[in-house]
Amino acid sequence: MAHVPVIKCRQYRIYPDSAQQVLIWKTFGCCRWMWNHLLDERIQSNKVMGGDRFRNTTPAHFKKDPENSFLKEVDSLALANEQLNVNQACRKLFASGRTPRFRAKGRDRRSYTTNAVNNNISIIRVSDTENYLKLPKLGLVKIILHRSIPGGGVLKHITITERASGRFYASLTYEVMQEEVKPVAEFNKIESFDYSMPNLAVSASGKYDVKGEDIHWYRRMEQKLKREQRKLSHMEYGSSHYWKQRHRIGSLHEKIANRRKDCLHKLSRAVADCFDAVVVEDIDLRAMSQALHFGKSVMDNGFGMFRVFLAYKLKEQGKVLVTVSRNFPSSQRCSACHNINPEVKNLSVREWICPVCGAVHDRDKNACANLRQEGIAMLNRRACGDSSLILAPSGVLSEKKPHLL
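Residues numbered from 1 in each chain as written. Predicted model: local features only at pLDDT ≥ 70, side-chain atom pairs only at ≥ 80, totals over all residues. Heavy atoms only, no water.

**Some points on the nonpolar core**
Thinking step 1. Counting 39 residues, the largest nonpolar core has Ile14, Tyr112, Leu133, Leu135, Ile158 and Ile160 as the members making the most contacts within it.
Thinking step 2. Secondary-structure elements contributing two or more residues to this core are β1 (3-15), α1 (18-49), α3 (76-94), β4 (131-135), β5 (139-144), β6 (154-162) and β7 (168-179).
Thinking step 3. The biggest single contributor to this core is α1, with eleven residues.
Thinking step 4. The residues contacting isoleucine 14, other than those within four sequence positions of it, are Leu133, Val141, Lys142, Ile143, Ile160, Phe168, Tyr169 and Ala170.
Thinking step 5. Counting residues in each nonpolar core, the second largest holds 34 residues, with Tyr195, Leu252, Ile283 and Leu310 among its members. (Core = buried A, V, L, I, M, F, W, Y, C linked by side-chain atoms within 4.5 Å. Buried < 20%, exposed > 50% of the residue type's maximum accessible area, 1.4 Å probe, protein only. Helix = DSSP H or I, 4+ residues; strand = E, 2+ residues; numbered from the N terminus. Contact = heavy atoms within 4.5 Å.)

Here it is as structure tokens:
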């Protein structure tokens, strides 16, 4: 069996001391400074060269200026990665006639990435409960290894992040050689999910239905967030109490996000281990969140995150996530006789009787049955070599977009 490289990521919490925190904040600021100045150079050179072409310069010439001596205090590889990020953004947007945005100080993402070169990054184990992460310029930083390091992996790069709660995290990326997974030949077990705003998702088998009382993580904390944000509005900006309150609000948001991800990870793992293929609808959640004041409910459910988790968990086992086109009439079609009932287009219709065969349908369960049937048909078409289907590198099977034909 051939071995292929696989990327594995681990995220751990770190506890830098006060001096290390200051240096991390300086690195954030220098990365933002480097982004803005490199982007300005790219824009000016693009005006001369035209198209998606630009002059590619490194951060080295900025460091030669005595006024920019502060750039030498931080990790040089963090600045080099900003150069790569600027180049990638310019190539992507210049070709479409757009320009990347400059990064503002108050709204900037607080993270930077550095590469593992010549053993400059390593994990030092003192005991089972005491471990340290050696980082360039920072030295030894206390780290909590709550998960095991991938065995035989080669550390490629690491990202240091400060969240709104004031907590620091290190995301380590490893390259691991694993046996190539064989794709599933026969899809005997197939499950389908239909999006349900009050209940997150409804499954065809009924075993993996998510009830409304088990989700709505943001709604549960909304009143508490309102009280804490009201306190923040009465504080003086920049004071010590102001930043403590900001971190308190950030901790609440982080708790909400962690509960959501924990639930979706457990659900997606259970589904991926039991079925050979899973069928979902390719609905536009962003457009749905902007209609009829659904934004808070749609974003709180996290159905898009659930699809992402399902995709990579299925791919790891050689399985497939099938996405059915959003134009497919899953709710209006009778799953028994395939008759289209246009009256079901109204969202207020939750149960209906087919006027042709007389079958009684629950709206969501009928949609799940139709999605499962369409997913099986798409898998059969792919087995027959249908060129109108595409299997993406992420392990998602879908119809080809018109612009890809």
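Having seen the model, we can carry on.
**Notes on a nonpolar patch on the surface**
Thinking step 1. On the surface, a nonpolar cluster with roughly 240 Å² of combined accessible area is contributed by Ile124, Val126 and Leu140.
Thinking step 2. By secondary structure assignment, the location of leucine 140 is in strand β5. (Patch = residues over 30% accessible without salt bridge, like charges linked within 9 Å, V, L, I, M, F, W, Y side chains within 5 Å. Areas by Shrake-Rupley, 256 points an atom, 1.4 Å probe, with all protein chains shown as cover. Salt bridge = Lys/Arg side-chain N within 4 Å of Asp/Glu carboxyl O.)

**Side note on helix α4 (residues 217-233)**
Thinking step 1. Helix length check: α4, at 17 residues, gives a terminal C-alpha distance of 24 Å against a target of 24 Å (1.5 Å per residue), a fit within 8%.
Thinking step 2. Glutamine 223 marks where α4 bends most, by close to 45 degrees.
Thinking step 3. Taken together, the buried positions of α4 are Trp217, Met221, Glu222, Leu225, Glu228 and Leu232.
Thinking step 4. Looking at the buried positions of α4, the neighbouring elements they touch are α5 (240-274) and α7 (295-301). (Expected span 1.5 Å × (residues − 1). Bend = angle between axes of the 7 residues up to and from the residue.)

**Digging into the layout of surface pockets**
Thinking step 1. Considered as a void within the structure, the largest pocket measures approximately 1600 Å³ in volume.
Thinking step 2. For the largest pocket, the lining is made up of 48 residues, of which Ile7, Lys8, Tyr312, Lys313 and Glu316 are closest to its centre.
Thinking step 3. Examining the composition of the lining of the largest pocket, we find that ten residues originate from one element, β1, more than from any other.
Thinking step 4. For the lining of the largest pocket, a count of residues per class yields 22 nonpolar, ten polar and 16 charged. (1 Å grid on protein atoms, 1.4 Å probe; cavity = no way out; pocket = protein on both sides within 12 Å on 5 of 7 lines; lining within 4 Å. Points joined across faces, edges and corners; volume = space filled by probe spheres on them. Nonpolar A, V, L, I, M, F, W, Y, C, P; charged D, E, K, R; others polar.)

**A look at the pairing of strand β9 (residues 200-203)**
Along any regular strand the residues' side chains alternate between the sheet's two faces.
Thinking step 1. One ladder, built from four bridges, connects strand β8 (residues 190-196) with β9; its direction is antiparallel. Along β9, the bridge assignment pairs aspartate 194 with valine 202. (Pairing = 2+ DSSP bridges.)

**Considering the pairing of β1**
Thinking step 1. Where β1 lies against β7, twelve bridges are found, and the strand directions are antiparallel. Residue pairing in the sheet places valine 4 in a bridge with glutamine 178 of β7.
Thinking step 2. When β1 meets β5, the two strands line up antiparallel, connected through three bridges. Each bridged residue has a counterpart across the sheet, and for isoleucine 14 the counterpart in β5 is isoleucine 143.

**Regarding the pattern of salt bridges**
Thinking step 1. This structure, assessed with the given rule, holds 22 salt bridges.
Thinking step 2. Aspartate 209 is the salt-bridge partner of lysine 365, the closest N and O atoms lying 2.9 Å from each other. Here lysine 365, found in helix α9 (residues 363-383), pairs with aspartate 209, found in the loop between β9 and α4; they are 156 residues apart in sequence, far enough to count as distant.
Thinking step 3. Its relative accessible area of 31% is what places lysine 365 among the partly exposed residues.
Thinking step 4. Look at aspartate 209 and you get partly exposed, because its relative accessible area is 32%.
Thinking step 5. A salt bridge links glutamate 222 to lysine 296; the shortest N-O distance between them is 2.7 Å. Linking glutamate 222 in helix α4 with lysine 296 in helix α7, this pair joins segments that are 74 residues apart in sequence.
Thinking step 6. Within this structure, Lys8, Arg269, Asp273 and Glu316 form a network of salt bridges that share partners.

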